[in-house]
Amino acid sequence: MGFSLATQRRRNLRGDFSKSFDRPAALLLVLLFITRSAFSQTPSGRVVGEVRERQNNILPGVSCLLSLAGNPSQTIKTTTDALGKFAFPALAPGSYTADFSLKGFQSVRKTNLELRPGSVLELIVNLAPSRSAASMPNPDGHIRVLDSSVAWGTAFGKFQIEALPNARNVGALLESQEPSTVTNRLDVGGLETGIPPLFGALGASWTENQYALNGFDVTDPYLPGRPLLNPVTDSLPQFQVTSGAKPAWLGGSGTAVMLTTPPTSPALHGDATLFYSGRSTQSDNMDARLRHFDFPGPERLGHLVDGNIQLGGKLPIDLAPWPAFISASTQLLGKTLGGFAAPIDVHAYTVLAELTPIARDGEHLNLLYSGQHIFNSREGAAPQIAPSATTVGNDNFHQFQARWDRTLSPNSLLNLGFGVVHATTSSGIQPGIQGASILDLPLLTQTGPAPLATAGVRTRLQANALYEAVPAALLGNHNLDLGLDWERNYISNRWDASGGLEQVLVSGVGAEAIRWNAPTQARQHVQDLAIFAQDAWRPLSWLQLPLGLRLETSSGRAVGAENLIHWTALDPRAGLVVPLADRGLVLRASWSRYGHLLQGRYLDFGNPAAPAQQVFRWQDVNGDGQVQPSELTQLLQVSGGAYSAIDRGLARPFTDEISVGLSQNFGARFNLGARFFRRDDHRLIALLNLGVPFSSYAPVSFLDPGNDGIPGTADDAILTLYNQKPSTLGRDFFLLTNPQGDRASYKGFEIRLVKPLVHLWEFSASFTGMQTLAPTSPGNSVFENDTGFLGSLYTNPNTLLFDTSRTYFDRAFLGKVTGYYVAPFGFRMGAVAKYYDGQPFGRLLFVNGFNQGPFFVRATPRGHPGGFQTQFNLTLDARVAREFNLRRGVVSGYLDCFNCLNMNRNTLEADLTGPTFQSRVPLAIEPPRIVRLGVEWRF
């Protein structure tokens, strides 16, 4: 909403945006389905190819075996036909091993075949006669692998999730192993357990990211980019992250995180894990530098108990001997934060159960339930926030899925699915806290109760259908996917404010009072329907053309309001894959258009039931620090649902993306890839203040004391700011629209080197460089410096000062490295190192004494050139593990070390103009070294 700038900045720094909610609703659940691929509306992968002699003669009758890495029981067998060709359709994404054998010929094996959703791996295999074995080189060198997909991202499998040290949640894996992803915090040793990160890849907006569980959307429809659940890795054997060149079955312009539950198996198997870390296993990284700044201390661990139990196999029921899988996990976290005078407790409980009533050749039916409860005793905790001003978080998530697939012919597959998501969440005022919330500027200290409490519900109904086929050759070979996705979201939000009032002070003196229309409740619905087609067309033996088309219509309306949004867009995708040499050099290029997501938050505008505020000038005549009705004088500003509208011509924003990349396989030993990209956002959405246009302001020359914060020195400057005319105060009316010329651009490159796990060791390294140029709201937080989160940009002329520069997730340079080694005596060692360049920020200048009340402006751009960056961040995590074979099962012991170097680089620095600005005063640093102990039993 169009809150006052001081209030908006305070809320953004705390992350206190509205969550959305209401009471749970009764649901009638209809269950139906699965595909052997992991995602019911996401196409499965395929492995195809042909086998020849070294003289290029075709070889029919060759035995072809394909097995999923880490699960050799899942092996598929076929033989080459009369033309020497073979095909494995409908495969779950993951890492595979292929074996080829024929009597009289050397057997050939190809390992580490990474298969992504919807991709096609083509293998050209040459077998050598057995009698020539002595003169033949390594048979692996005779396999050429061509991936028809142009999508860019990362596949997280059993190795990345289990062999390398991580905080056992998806956000931590993105932070440490996804090359182009930057998160809004560092999760050292699980300190951020229960709090999903916000993240951006390639500098793009976090509000465009989407999460799916088995192909069903689990993203918050009110404010996308946040998952409705906190994904933990215990029940996720693999997941896929797609950040660029997305195929047509994926919408939105951000990153798609596609989570996968394990397949059910009739064989009895189980797993139990327990990890522990505590204050006694944590170091101290305070040093003389931090003590010089009187830094109150970093985030520190009290205890973290992280456990999981899994059991799979056929149910012991005579009438229903169905394969099933169940997983239950809990994370109990206690921690403290320097400068915050209360402990913080987070509890997370997750359960998942999957059942396969039908599992026969050509047909599968899977039913799934997933549930999660997360409690956070101190949401919004920060050194400048009093414990009373935080909120109590209670989030609950429930999902039901039915997924069905059937093989229609050897070359076609049909998938159908239906799912229900029901999530409730609340951020309540701390028990027993009364009175008015108090905000003191410019240091943004918060006392009293939290300014707003939120409660609400998200209910989503989903259905999807997918037809996969390898049609008869027509102008070349095809791999066709046709699909439909439908979802309808019911959103309910309730807001409440203690006493309906918030007090704003300036250096301890009363300045403003904000009157809310709380308690209030708003309801809305958002619907989306998409039809897509994707084809991997091979018109020539040396050319693959991935082509896609997505037709999507999105609509939404608030209950009881005339604020309809309706968008229809046609998004084409095109690419090419060209082998440039027989030895594994491949060129990939793509062009894609992505329509942006319809945020349910947009529908608060023009809705009288949505929260609204009136900002009054407050003259604390009696000096008691409490607002009296007679002390409220001039109405300065109004904002919110009752003082806003949605442009009837509001158009859907979209992103155009171009990428070009080269990859080189060096046999089975190394893969080197480089990608260059350019993205452009068009028709971005923002607010315009029609009630108080720019003509309502008078220019004023204002002294900026410069980076040293001292007037009269050489770095002083005169800024032109704008003072609102008294006659226009309180006449605000905001329009949600597409401001003319509002666009953003992103460009950069990504380089990856991967050495798969062969001959006892693994290594990977990535380096990403990026540069963004985008207009965003004043401020430096993830909720201000982002193109997708609505703020104060364009609402008054002061917001345009240095408005276009780098965005929050543009770190300029990123580097991530992993290593793994199978050591003697059964020990296994893994390490993950990551480098983040400094977070960009601009110096802020606090302005007081203008007619419209106090506010902040940017005095410099964000990031270079002309702006600033925090210190770089570097962490090294390591693991030592060993397995012990028992009569039944295997026991593994783990010793993990996070931030092994015990570094304490700044992650947040003071950005307010003042004499200490140039000293780089730390507001937050990297948490200290944490050692974690773990044990696992598998049978």
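This report concerns the structure included in the present document. Quick caveat, the model's predicted, so the values are computed rather than measured. (Residues numbered from 1 in each chain as written. Predicted model: local features only at pLDDT ≥ 70, side-chain atom pairs only at ≥ 80, totals over all residues. Heavy atoms only, no water.)

**Observations regarding the overall build of the chain**
Scanning the chain from terminus to terminus reveals 4 helices and 55 strands. Its C-alpha atoms give the chain a radius of gyration of 29 Å, near enough to 30 Å, the size a compact globule of 939 residues would have. Reported as C-alpha extents along the three principal axes, the dimensions of the chain are approximately 100 × 65 × 60 Å. Of all 939 residues assigned to the chain, the portion counted as buried reaches 61%. Long-range pairs, those at least 24 residues apart, make up 72% of the contacts in the chain with a sequence separation of at least 6. Approximately 34800 Å² of the chain is accessible, and the part contributed by carbon and sulfur atoms is 61%. Each charge class in the chain can be summarised by its mean position, and for the 78 positive and 76 negative side chains these summaries are 5 Å apart. (Helix = DSSP H or I, 4+ residues; strand = E, 2+ residues; numbered from the N terminus. Rg over C-alpha atoms; globule rule 2.2 N^0.38 Å. Buried < 20%, exposed > 50% of the residue type's maximum accessible area, 1.4 Å probe, protein only. Contact = heavy atoms within 4.5 Å. Areas by Shrake-Rupley, 256 points an atom, 1.4 Å probe, with all protein chains shown as cover. Lys, Arg positive; Asp, Glu negative; His and termini not counted. Charge placed at Lys NZ, Arg CZ, Asp CG, Glu CD.)

**A short note on empty space enclosed by the protein**
Per the stated rule, a full pass over the model turns up 14 cavities of 30 Å³ or more. Approximately 530 Å³ is the volume attributed to the largest cavity. As for the largest cavity, its lining consists of 37 residues, of which Gln210, Asp217, Glu487, Asp528 and Leu597 are closest to the centre. Of all the elements in the fold, those that place two or more residues in the lining of the largest cavity are strand S12 (210–213), strand S13 (216–217), strand S15 (256–260), strand S25 (453–469), strand S26 (480–496), strand S29 (520–540) and strand S30 (543–558). The residue inventory of the lining of the largest cavity, partitioned by class, reads 15 nonpolar, 12 polar and 10 charged. (1 Å grid on protein atoms, 1.4 Å probe; cavity = no way out; pocket = protein on both sides within 12 Å on 5 of 7 lines; lining within 4 Å. Points joined across faces, edges and corners; volume = space filled by probe spheres on them. Nonpolar A, V, L, I, M, F, W, Y, C, P; charged D, E, K, R; others polar.)

**Some remarks on the packing of aromatic side chains**
Applying the stated criterion across every chain, the model contains 22 aromatic pairs. Residues Tyr808 and Phe809 carry aromatic rings whose centres are separated by 4.9 Å and whose planes lie at 85° to one another, so their mutual orientation is edge-to-face. For the residue pair Tyr808 and Phe809, the accessibility class agrees, reading buried in each case. Ring geometry for Tyr835 and Phe872: centres 5.5 Å apart, planes at 35°, overall tilted. A residue pair is termed long-range when its members are at least 10 positions apart, and Tyr835 in strand S46 (residues 827–836) and Phe872 in the loop between strand S50 (868–869) and strand S51 (873–885) qualify at 37 residues. One aromatic cluster is present, built from ring pairs that chain together Phe676, Phe749, Phe767 and Phe813. One cation-aromatic arrangement involves Arg601 over Phe789; the distance from NZ or CZ to the ring centre is 4.3 Å. (Phe/Tyr/Trp six-rings, centres within 6.5 Å; stacked < 30°, edge-to-face > 60°. Lys NZ or Arg CZ within 6 Å of the ring centre and 35° of its normal.)

**Considering the sheet that holds strand S41 (residues 734–737)**
Sheets are built from strands paired through backbone hydrogen bonds, the pairs being either parallel or antiparallel. Spatial strand order, S35-S41-S38: 3 strands in an open sheet with mixed pairing. Every other strand in the sheet has two partners, leaving strand S35 (644–646) and strand S38 (686–689) as the edge strands with one partner each. Strand-to-strand twist across the sheet, computed as the mean angle between neighbouring axes with direction ignored, equals 25°. Sheet topology note: the S38/S41 ladder contains 4 bridges and is antiparallel. The partner of Ala686 across the bridge, within S41, is Thr737. (Pairing = 2+ DSSP bridges. Axes fitted to C-alpha atoms, helices over the stretch in contact; angles between N-to-C directions.)

**Describing the side chain of Asn738**
Mapped onto the elements, Asn738 comes out in the loop between S41 and strand S42 (744–758). When its relative accessible area of 18% is taken as the criterion, Asn738 is described as buried. A polar side-chain atom of Asn738 sits 2.7 Å from the main-chain amide nitrogen of Ala651. A polar contact is formed between the side chain of Asn738 and the backbone oxygen of Arg683, at a distance of 2.9 Å. Not counting residues up to four positions away in its chain, the partners in contact with Asn738 are Gly649, Leu650, Ala651, Arg683, Leu684 and Ile685. (Polar contact = N/O pair within 3.5 Å; in protein donor to acceptor, adjacent residues only side chain to side chain.)

**Focus on the sheet that holds strand S23 (residues 437–441)**
On the basis of which strands lie adjacent, the open sheet formed by 6 strands has the order S24-S23-S27-S28-S33-S34 and mixed pairing. Looking at the sheet topology across the chains shown, the edges are occupied by strand S24 (445–447) and strand S34 (632–640). Averaged over all pairs of adjacent strands, the angle between their axes in this sheet comes to 25°, without regard to strand direction. Bridge analysis of strand S28 (residues 509–516) against strand S33 (residues 612–618) gives 5 bridges, and the strand direction is antiparallel. What sits directly across from Trp516, in S33, is Gln613.

**Topic: the pairing of strand S5 (residues 94–101)**
Most of S5 sits inside the fold, with 7 of its 8 residues counted as buried. Two strands pair when backbone bridges link them, and S5 and strand S6 (residues 108–115) are joined in this way by 6 bridges, in the antiparallel orientation. Across the sheet, Gly94 pairs through a bridge with Leu115, a residue of S6. Between S5 and the antiparallel strand that follows it, S6, lie 6 residues; Gly104 among them carries a positive phi value of about 90°.

**Considerations on helix H3 (residues 170–177)**
Taken across its 8 residues, H3 has 8 buried, putting it largely inside the fold. Those residues of H3 not exposed but buried are Val170, Gly171, Ala172, Leu173, Leu174, Glu175, Ser176 and Gln177. Looking at where H3 begins, the residue whose side-chain oxygen comes 3.2 Å from the main-chain nitrogen of Gly171 is Asn169.

What is shown is where atoms sit, not what they do.
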